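What follows is each chain in one-letter form.
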Amino acid sequence: MLFTYGRFLSRQLVNTVTSDKLLYQIVSWVIKYQMVICYFLYIAGFVWFILTLKKKMYKYQFSQYAWTHMILLIVFVQSSFTVANIFEGIFWFLLPASLIVINDIAAYFFGFFFGRTPLIKLSPKKTWEGFIGALVTTLFSAFVLANLMGRFQWLTCPRKDLSTGWLHCDPGPMFKPEYYPLPGWVPHWFPWKEVPILPVQWHALALGLFASIIAPFGGFFASGFKRAFKFKDFGDSIPGHGGITDRMDCQMVMAVFAYIYHQSFVMPQSFSVEMILDQILRNLTFEEQQILYEQLGKIFQDRQSMLA
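Residues numbered from 1 in each chain as written. Predicted model: local features only at pLDDT ≥ 70, side-chain atom pairs only at ≥ 80, totals over all residues. Heavy atoms only, no water.

Student: Tell me what's going on with the overall build of the protein chain, and back it up with residues and numbers.
Tutor: A tally of helices and strands in the protein chain yields 12 helices and 4 strands. For 308 residues, the compact-globule formula gives about 19 Å, and the C-alpha radius of gyration of the protein chain, at 25 Å, lies well above that figure. Along the first, second and third principal axes, the C-alpha set of the protein chain runs to 85 × 80 × 30 Å. Considering the protein chain as a whole, with its 308 residues, one finds that 33% of them fall into the buried category. Long-range contacts, defined here as pairs at least 24 residues apart, represent 64% of the contacts in the protein chain between residues at least 6 apart. Carbon and sulfur atoms make up 71% of the accessible area of the protein chain, which totals about 20700 Å². Within the protein chain, the 18 negative side-chain charges are centred at a point lying 13 Å from the centre of the 25 positive side-chain charges. (Helix = DSSP H or I, 4+ residues; strand = E, 2+ residues; numbered from the N terminus. Rg over C-alpha atoms; globule rule 2.2 N^0.38 Å. Buried < 20%, exposed > 50% of the residue type's maximum accessible area, 1.4 Å probe, protein only. Contact = heavy atoms within 4.5 Å. Areas by Shrake-Rupley, 256 points an atom, 1.4 Å probe, with all protein chains shown as cover. Lys, Arg positive; Asp, Glu negative; His and termini not counted. Charge placed at Lys NZ, Arg CZ, Asp CG, Glu CD.)

Student: Give a description of the UniProt feature "transmembrane region" (unreviewed entry) in the protein chain that names residues and reports values.
Tutor: Cross-referencing UniProt, the feature "transmembrane region" (unreviewed entry) maps to residues 33–53, 65–84, 90–115, 127–146 and 200–222 in the present numbering. The span residues 65–84 is 100% helix and 0% strand, and its two end C-alpha atoms sit 27 Å from each other. Across residues 200–222, helical content stands at 91% and strand content at 0%; the span's end C-alpha atoms are separated by 31 Å. (UniProt positions renumbered as here; feature names shortened; annotations may be inferred.)

Student: Quick rundown of the pattern of salt bridges? Include the residues and the values.
Tutor: Summed over the entire model, instances satisfying the criterion amount to 1 salt bridge. Note that D170 and K176 form a salt bridge whose closest N and O atoms lie 3.4 Å from each other. Residue class for K176 comes out partly exposed when judged on its relative accessible area of 40%. (Salt bridge = Lys/Arg side-chain N within 4 Å of Asp/Glu carboxyl O.)

Student: Could you give me a rundown of the nonpolar core, with the residues and numbers involved?
Tutor: Here is a general trend for soluble globular proteins: nonpolar side chains tend to be buried in one another's company. The biggest cluster of nonpolar side chains holds 24 residues, and the ones touching the most others in it are F91, W92, L95, V200 and L207. Those elements giving two or more residues to this core turn out to be α5 (91–114), α6 (128–149), α8 (199–213) and α10 (244–266). Contact partners of W92, with chain neighbours within four places excluded, come to N85, F175, V200, L207, A258, H262 and V266. Counting residues in each nonpolar core, the second largest holds 8 residues, with A84, F87, A255 and V256 among its members. (Core = buried A, V, L, I, M, F, W, Y, C linked by side-chain atoms within 4.5 Å.)

See below:
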């Protein structure tokens, strides 16, 4: 948890404690040496595991050790990307999660009414008709939902600290409409001559495509896992649907993709003020930051005197 969330939330944590000098120095030190701290914590657990090995228990203990790592990788690491998406803007959490739900519901209804051709042996009730119908429905929903959600700043603004207040920011070009003229074959009596489309709507189609084609394999993986241990569901907290884990099998795969897609294709690749500040806060001590501040002040004064 210290390693995963520390990597995602270091900037927000530093921004939250800037008012307290001592706490700021402690947090800055922990963030700077976070990887070393996490590594030796893991090594401590590894050594402790070796020292607790007992005769006639080796197989059981090593299987538990392997299960622990599998759970961390498959469940915890993937779910931590959900938190990272929220801090990039609730839009990047809510839209992908909604697309998974829409795809699931659409696949059920299309499969129920039109399903004839089995899709995969792991899930006999899944059909090609449901799969294709859900694909079309999810793509359409992604395009429309992105336009609706992209209009609200409290959904699109990134969270820069750990506070809980309302968000206000410049939405940036991704959430500002671009106007596309309608083609000539549209009747003249049609009231609109051009259509406003947010650039993020095109990215939403990529999310919809992943939610329809790849994310269901998270569900297939869970189905195979349950069959291997002869369980129908992971739990029974939701009547007729199993447990919470049964509803989240596709969500974790989707959360990882949404984060990687945002970092690769949506987030500006060039250096920004925020990125440079993040590096300064992460890597420089408080004294070094003060020196940098003073040197920048001198540079600005020299430039002003040259321009005067």
